[in-house]
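# Breakdown of the fold
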Amino acid sequence: MKWTEDELRLALALYCQLPFGKMHSRNKEIVKLAEKIGRTPSAVAMKLVNFASLDPEIVNSGRTGLGNASSMDRQVWANFQNNWDSEISKAADELGIISETPLSAVEEEEIPLPVDTTRKTEIEVRKKQYIFRRMVLSSYAGTCCISGLSEPRLLIASHIVPWKDNTENRLNPKNGLCLSVLHDKAFDRGLITVLPDFTIAVSSQISKLQNDTFIQETLVSCHGTKIMMPEKFHPDPVLLAWHSQNVFLK
């Protein structure tokens with residue numbers, strides 16, 4: 001039976017939020033989606049791996065997916081790349097992923113909201129934060145791309161271009177880095193950056209603190225090294241250039 005566009009949207013939304021290694025028929029989220037759209041878990045898992053064949057990061061890593069992506073698969077993939085905010089948030093709502101996790105439990109970067117923000121708007125922002133977090137952490141296999149730390153309670157899905165500065169890329173996983181709380185704060189404050197070639201640069205404002213052993217070991221030692229690349233959705237060099245030019249304190 002031919003997949004409909006709505007079914008493909010849901011499948012792609014799930015693909016974006018699962019590590020590549022968990023795209024199998026036993027995964028509970030895949031089973032749930034299969035029940036929702038009346039397909040077998042194996043069929044859904046296969047479709048997710050079909051999408052992997054359209055993902056340049058997966059293909060370049062030597063894992064080519066199953067291939068045989070249809071023209072509709074390609075169109076849905078393109079729709080997501082061009083409009084992450086509406087496509088992924090709507091599909092995630094339909095998947096019911098968000099409703100299963102209390103928004104108060106979402107550990108994420110602080111996004112300043114106007115004082116007159118309504119409760120409805122605040123909830124919507126929190127939902128989008130949660131979706132972004134799932135996509136970024138799944139891409140980086142739940143590991144800080146600078147330190148290697150893998151404790152989820154100490155990880156942040158950090159926006160490269162801040163939420164307030166670019167509405168088009170708020171939910172674009174290529175606008176994200178998985179960072180420890182420490183490295184997220186340093187990145188947010190411009191004390192470190194990631195250059196378009198994925199090299200870490202450290203601000204002179206902290207590199208000169210020779211007597212601070214902790215800073216030297218946790219931040220300064222990273223200067224000139226490469227981040228650990230995600231298996232999906234590599235950070236966009238254009239967005240990295242924006243951060244290094246507009247946020248980084250040279």
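Before reading further, recall that the structure is shown in the block above.
First things first, this report covers the structure right here in the doc. Predicted model, so just to flag it, every value in this text is computed and none were measured.

### Quick word on the overall build of the protein
- In terms of regular secondary structure, the protein is built from eleven helices and four strands.
- Looking at the protein residue by residue over its 250 residues, the buried ones come to 51%.
- Intrachain contacts of the protein at a sequence separation of at least 6 include 67% that bridge at least 24 residues.
- For the protein, the exposed area adds up to about 12100 Å²; of that, 53% sits on carbon and sulfur atoms.

### Some details on the packing of aromatic side chains
- Tallying each qualifying case throughout the model produces four aromatic pairs.
- Each ring, one from Tyr 15 and one from Phe 51, has its centre 6.5 Å from the other, and the planes form 50°; the classification is tilted. Highlighted residues: Tyr 15 in helix α1 (residues 5–17) and Phe 51 in helix α3 (residues 41–52), separated in sequence by 36 residues.
- A connected cluster of aromatic rings, assembled from ring pairs, spans Tyr 15, Phe 51 and Trp 77.
- Across the ring face of Trp 3, the terminal group of Arg 39 is positioned such that the distance to the ring centre comes to 4.3 Å.

### Examining the nonpolar core
- One finds Tyr 15, Cys 16, Leu 48, Ile 88, Ile 146 and Leu 177 to be the most contacted residues of the largest nonpolar core, which totals 66 residues.
- Per-element accounting of this core gives the leading share, eight residues, to α1.
- For Leu 48, the contacting residues outside a window of four places in its chain are Ala 11, Leu 14, Tyr 15, Leu 18, Met 23 and Ile 30.

### Focus on the packing of helix α5 (residues 71–82) against helix α6 (residues 84–95)
- Look at α5 against α6: their axes get within 6 Å of each other, and the N-to-C directions meet at 115°. One element, α5, and the other, α6, form an angle in the roughly perpendicular class. Along its contact with α5, which presents Asn 79, Phe 80, Gln 81 and Asn 82, the element α6 presents Trp 84, Glu 87 and Ile 88.
- In terms of residue class, the contact of α5 with α6 is made up of three nonpolar, three polar and one charged.

### Side note on the environment of Lys 28
- The topology assignment puts Lys 28 in helix α2 (residues 28–37).
- In this structure Lys 28 comes out as exposed when scored by relative accessible area, which is 73%.

### Topic: the environment of Phe 51
- Look at Phe 51 and you get buried, because its relative accessible area is 0%.
- Along the backbone, Phe 51 and Tyr 15 are 36 residues apart, and their C-alpha atoms lie at a distance of 7.6 Å.
- Residues within four places of Phe 51 in sequence aside, it is in contact with Leu 8, Ala 11, Leu 12, Tyr 15, Asp 73 and Trp 77.

### Considering the pattern of salt bridges
- Counting across every chain of the model gives nine salt bridges.
- Note that Arg 9 is salt-bridged to Glu 94, the shortest N-O span being 3.2 Å. A residue pair is termed long-range when its members are at least 10 positions apart, and Arg 9 in helix α1 and Glu 94 in helix α6 qualify at 85 residues.
- Between Arg 134 and Glu 29 there is a salt bridge whose closest N-O contact spans 2.7 Å. A residue pair is termed long-range when its members are at least 10 positions apart, and Arg 134 in helix α7 (residues 119–139) and Glu 29 in helix α2 qualify at 105 residues.
- Residue Arg 134 is classed as buried on the basis of its relative accessible area of 15%.

### Quick notes on the pairing of strand β1 (residues 155–159)
- Within β1, five of the five residues are buried, which leaves the element mostly enclosed by the surrounding structure.
- Neither face of β1 is left uncovered, since the one carrying Leu 155, Ala 157 and His 159 and the one carrying Ile 156 and Ser 158 both have all their residues buried.
- Sheet topology places β1 next to strand β2 (residues 176–180); five bridges connect them, and they run antiparallel. Among the inter-strand pairings, Leu 155 is bridged to a residue of β2, identified as Ser 180.

### Considering α6
- Between its terminal C-alpha atoms α6 stretches 16 Å, which fits the 16 Å expected from twelve residues at 1.5 Å a residue.
- Residues Trp 84, Asp 85, Glu 87, Ile 88, Ser 89, Ala 91, Ala 92 and Leu 95 constitute the buried set of α6.
- Of the residues one or two after α6, Gly 96 is the one with positive phi, at around 75°.

### Section: unusual backbone geometry
- The backbone of Ala 141 shows a phi angle near 55°, a positive value even though the residue is not glycine.
- Locating Ala 141 in the fold gives a position in the loop between α7 and β1.
- Note on Ala 141: relative accessible area 55%, which makes it exposed.

Calculation rules
- Each chain has its residues counted from 1, following the order in which its sequence is written.
- Per-residue local features are limited, in this predicted model, to residues with pLDDT of at least 70; the limit for side-chain atom pairs, both in listing and counting, is 80 or more; totals at the level of whole chains, interfaces and linings are taken over all residues.
- Only hydrogens and water are removed before side-chain values are computed, so all heavy atoms of the structure are retained for them.
- Comment: elements are numbered from the N terminus, with helices defined as DSSP H or I runs of at least four residues and strands as E runs of at least two.
- The classification of residues rests on relative accessible area computed with a 1.4 Å probe and restricted to protein chains. Under 20% of the type maximum is buried, over 50% is exposed, and intermediate values are partly exposed.
- Whether two residues are in contact is decided by their heavy atoms: any pair within 4.5 Å suffices.
- The method behind every accessible area is Shrake-Rupley, applied with a 1.4 Å probe, and residues are considered shielded solely by the protein chains displayed.
- Ring pairs shown here join Phe, Tyr and Trp side chains whose ring centres sit within 6.5 Å, with only the six-membered ring taken for Trp; geometry is labelled stacked below 30 degrees between planes, edge-to-face above 60, and tilted in between.
- Charges are assigned to positions over rings by a cutoff of 6 Å between ring centre and Lys NZ or Arg CZ, combined with an angular limit of 35 degrees from the ring normal.
- The term nonpolar core refers to a set of buried residues drawn from Ala, Val, Leu, Ile, Met, Phe, Trp, Tyr and Cys, joined through side-chain atoms within 4.5 Å.
- A fitted line through C-alpha atoms serves as each axis, taken over the contacting stretch for helices, and the angle formed by two N-to-C directions is quoted from 0 to 180°.
- Oblique is the label for every angle not falling under 35 degrees (roughly parallel), over 145 degrees (roughly antiparallel), or within 65 to 115 degrees (roughly perpendicular).
- Only Asp, Glu, Lys and Arg are considered charged in this grouping, and only Ala, Val, Leu, Ile, Met, Phe, Trp, Tyr, Cys and Pro are considered nonpolar; every other residue, Gly among them, is considered polar.
- The rule for a salt bridge is simple: a side-chain nitrogen of Lys or Arg has to be within 4 Å of a carboxyl oxygen of Asp or Glu.
- In this description, strands pair whenever DSSP reports at least two bridges between them.
- Each helix should span, by expectation, one fewer than its residue count multiplied by 1.5 Å.

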